[in-house]
Amino acid sequence: MSIDLATLTQPRNPALAALPEFAVGDTVRVQARVVEGDRERLQPFEGVVIRMKEGPAGNFTVRRIASGVGVERTWPMNSPRLDSLAVTRRGHVRRSRLYYLRGLTGRAARVKEARRG
Amino acid sequence: MTTGMIGRKAGMMRLYDGSGQVRGVTVIELGPNFVTQLRTPDRDGYTAVQVGFAGPRKRTNKPEHGHLRNAGLEKQVLTRLQEFRTDDLTGLTLGQTVTCEGFEPGMFVAVTATSKGKGFAGGVKRHHFRGGPKTHGQSDRHRAPGSVGSGTTPGRTYRGQRMAGHMGSVTRTVLNQLVVANDPARNLLFIEGSVPGPRGGMVTVEVGRRKPLKGYVAPVVPGTAVATADAESEASA
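Everything numeric here is computed off the predicted structure, so don't read it as measured data.

Caption draft 1: Quick look at the packing of aromatic side chains. Residue and element names in this part refer to chain A. In the structure shown here, the tally under the stated rule is three aromatic pairs over all chains. Seen in terms of ring centroids, Phe 22 and Phe 60 are 5.1 Å apart; in terms of plane orientation they differ by 75°. Their pairing is edge-to-face. Here the residue Phe 22 occupies a position in the segment before strand 1 (27-36), and Phe 60 occupies one in strand 3 (residues 59-66), the gap between them amounting to 38 residues. Residue Phe 60 is classed as buried on the basis of its relative accessible area, which comes to 0%. Residues Phe 45 and Trp 75 carry aromatic rings whose centres are separated by 5.9 Å and whose planes lie at 70° to one another, so their mutual orientation is edge-to-face. Of this pair, Phe 45 sits in strand 2 (residues 39-53) while Trp 75 sits in strand 4 (residues 69-76), and the two are 30 residues apart along the sequence. For Phe 45, a relative accessible area of 6% gives the class buried. The rings of Phe 22, Phe 45, Phe 60 and Trp 75 are connected pair by pair, giving a single aromatic cluster. The ring centre of Phe 45 lies 5.9 Å from the NZ or CZ of Arg 73, which sits over that ring.

This is how it looks when you write it as structure tokens:
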């Protein structure tokens, strides 16, 4: 066992911009690359980050309410299908997994805005 | 190239291939292998190529050393030798170095290795028995095998009745596994799916029967020579 597999982990596509710092509770706008037939377009998805996983196989989940239905999408951090990500609002939360949002709707399902910058 | 090679399982990871698809892959340190003997119909009655790999043992004994000397490989410590049947020995010479170059991305291979030993395993683990009920007053029946036969007729347990016993540590072959990527310079082969045995275990890879995928685009693995400068600088950054 000589080769360290961590050195073989693929980095994020250098052609794409690096992801900004973001954390659980933040509201983010993700531009996802969607392949339709033989052409590719960007599909925005805006919602609250409810879960993040660290490490070389790291990923994160964004939740939003679309047409009254809760929708969650998960992307690997280094996914080539992940074009860009922008933080639209910093959230203040006291836990790392916001699964409790799944049981809440409307005003109750809001995340407090962070006071920090 | 040879129809098969010997290597060592390094572990599992995942890769994004050219289409952005994630593939769970097993990394195999495949080779370098050395051609230690050529089997010909005249002398042996069949055609095969014998290759060697630096296996788990640290030294060769005297007969092995002599065998390697016949191939001009006495400087190498090749403790794992294996033959692969082939129809065609052209392009193969005694003592030649074989790399995983011939296993191109998109090809399918068969991987053979010794599975992990599970020791003396019960019926639930070994044969997927369901075990007994967990509740309703059951005691000591949770993982019991149940009945092993009928009553006075036939008065015995049939042969082949599945029971607890030794599990694992047997040679297993997984067929039709996709070659996701290869790296001849570092002797690495990336195969989709899992492969029998522990990390560091010996593994043989043979050319599969399935036709290669058309239009398959291999992922860029950091540090692979063909990816050249930009992947290299990214890896070090």
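From this point, the narrative continues.
Caption draft 2: A look at the pattern of salt bridges. Residue and element names in this part refer to chain A. Within the structure shown, the criterion is met by 14 salt bridges over all chains. Among the ionic pairs, Arg 29 bridges to Glu 46, the shortest N-O distance being 3.1 Å. One end of the pair, Arg 29, is in strand 1; the other, Glu 46, is in strand 2, with 17 residues separating them in the sequence. Arg 29 sits in the partly exposed class, given a relative accessible area of 34%. Using a relative accessible area of 30% as the deciding quantity, one classes Glu 46 as partly exposed.

Scoring rules and cut-offs
Residues numbered from 1 in each chain as written. Chains lettered and ligands numbered in written order. Predicted model: local features only at pLDDT ≥ 70, side-chain atom pairs only at ≥ 80, totals over all residues. Heavy atoms only, no water. Phe/Tyr/Trp six-rings, centres within 6.5 Å; stacked < 30°, edge-to-face > 60°. Helix = DSSP H or I, 4+ residues; strand = E, 2+ residues; numbered from the N terminus. Buried < 20%, exposed > 50% of the residue type's maximum accessible area, 1.4 Å probe, protein only. Lys NZ or Arg CZ within 6 Å of the ring centre and 35° of its normal. Salt bridge = Lys/Arg side-chain N within 4 Å of Asp/Glu carboxyl O.

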